[in-house]
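Okay, here's what each chain looks like letter by letter:
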Amino acid sequence: SRDSLGVSMRILALDIGLHRTGVAFAECPTGIPLVLPTLHHESARDFLDQVAELVRVRRIDHIVVGLPLLSSGKEGRQARCVRALLPSLVLLGASVSTLDERYSTSQHSSQDPDAVAACSLLTVFIDRLDAKHS
């Protein structure tokens, strides 16, 4: 099955912001996250066009999207904006899931914080996949 770690699965992680989205990529079973250039977008359409190109070029099987929950665990405005994009992401042909990103943002100032957050999301997602399949 495509979801089995024994079979290659290409995963894209997105840390979606209003104008910038951090992106990371990994191919399981190796699962080594690769930071990709941050996407800069002015609209949902612009964002979706750029993600569609990544899905096509990298032959993505699964997209994991960081869900920016409030510290209380509830969904605020930003989380609702991200959730509103999910149906459009599904239409790109990859399966889509969300991951609580409250604890994924790194304090590494020398690196692109959006890319670091996406990479962190991807690492957590892969760790959870490994745990499920062991």
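Use the structure listed above.
We now turn to the structure provided with this report. Remember, it's a predicted structure, so these values are computed and weren't measured experimentally.

Right, let's get into the overall build of the chain. Within the chain one finds 3 helices and 5 strands. In sequence order, the chain lays out its α and β elements as β-β-β-α-β-α-β-α. When burial is assessed residue by residue, the chain has 43% of its 134 residues classed as buried. For the chain, long-range pairs separated by at least 24 residues make up 60% of all intrachain contacts whose partners lie at least 6 apart in sequence. Summing over all exposed atoms, the chain offers an accessible surface of approximately 7,200 Å²; the carbon and sulfur share of this is 56%.

Turning to helix α1 (residues 44–58), a few remarks are in order. Compared with the 21 Å implied by 1.5 Å per residue over 15 residues, the 21 Å span of α1 between its first and last C-alpha is a close match. Within the sequence span of α1, burial applies to Phe47, Leu48, Val51, Leu54 and Val55. End-on view of α1: buried residues confined to an arc of 120°, all on one side of the axis. Facing away from the buried side of α1 by more than 90 degrees, the exposed set consists of Arg45 and Arg56. Among the structural elements, β1 (9–16), β2 (20–28), β3 (34–40), β4 (62–67) and α2 (77–90) are those in contact with the buried residues of α1. Positioned one or two residues after α1, Arg59 has a phi angle of 50°, which is positive.

Time to look at the nonpolar core. Counting 23 residues, the largest nonpolar core has Leu12, Leu14, Phe47, Val51, Ile63, Val65 and Leu89 as its most contacted members. Going through the elements one at a time, β1, β2, β3, α1, β4 and α2 are the ones with two or more residues in this core. If you look at the next biggest cluster of nonpolar residues, it comprises 15 residues, including Met9, Ala13, Cys28 and Leu99.

Another aspect to go through is the environment of Thr30. With respect to the helices and strands, the residue Thr30 is situated in the loop between β2 and β3. Considered as a pair, Thr30 and Ser8 are 22 residues apart in the sequence and their alpha carbons are 8.6 Å apart.

Reading across from one edge, β3-β2-β1-β4-β5 is the order of the 5 strands in this open sheet, with mixed pairing throughout. On the outer flanks of this sheet lie β3 and β5 (95–100), each paired with one strand and no other. With direction set aside, neighbouring strand axes in the sheet form an average angle of 25°. Contacts from α1 reach β1, β2, β3 and β4 within the one sheet, and its direction differs from that of β3 by about 150°. Helix-sheet contacts for helix α3 (residues 113–132) involve β1, β2, β3, β4 and β5, and the interaxial angle to β2 is about 35°.

A separate point is the packing of aromatic side chains. A complete count under the given rule lists 0 aromatic pairs for this structure. The residue whose ring lies beneath Arg58 is Phe25, and the NZ or CZ to ring-centre distance is 4.9 Å.

So, how was this worked out
- Sequence order sets the numbering: in each chain, residues are counted from 1 along the sequence as written.
- Per-residue local features are limited, in this predicted model, to residues with pLDDT of at least 70; the limit for side-chain atom pairs, both in listing and counting, is 80 or more; totals at the level of whole chains, interfaces and linings are taken over all residues.
- To obtain the side-chain values, all non-hydrogen atoms of the structure were used and water was disregarded.
- Every helix listed is a DSSP run of H or I at least four residues long, and every strand listed is a run of E at least two residues long, numbered separately from the N terminus.
- Here the term buried applies to any residue with accessible area under 20% of the maximum for its type, exposed to any over 50%, and partly exposed to those in between, with areas from a 1.4 Å probe on protein chains only.
- We call two residues contacting when some pair of their heavy atoms lies within 4.5 Å.
- Per-residue and other accessible areas follow the Shrake-Rupley method at a 1.4 Å probe size, with only the shown protein chains counted as cover for residues.
- By this rule, a helix spans an expected 1.5 Å times one less than how many residues it contains.
- This arc is built from the directions going out from the helix axis to the C-beta atoms.
- Throughout this description, the term nonpolar core refers to a set of buried Ala, Val, Leu, Ile, Met, Phe, Trp, Tyr and Cys residues connected via side-chain atoms within 4.5 Å.
- Two strands make a pair as long as DSSP finds a minimum of two bridges between them.
- Axes here mean lines fitted to C-alpha atoms, for a helix over just the part in contact, with angles spanning 0 to 180 degrees between N-to-C directions.
- Each Phe, Tyr or Trp ring, with Trp reduced to its six-membered ring, pairs with another whose centre is within 6.5 Å; inter-plane angles below 30 degrees give stacked pairs, above 60 give edge-to-face pairs, and intermediate values give tilted ones.
- When the NZ atom of lysine or the CZ atom of arginine is within 6 Å of a ring's centre and also within 35 degrees of its normal, the charge is said to sit over that ring.

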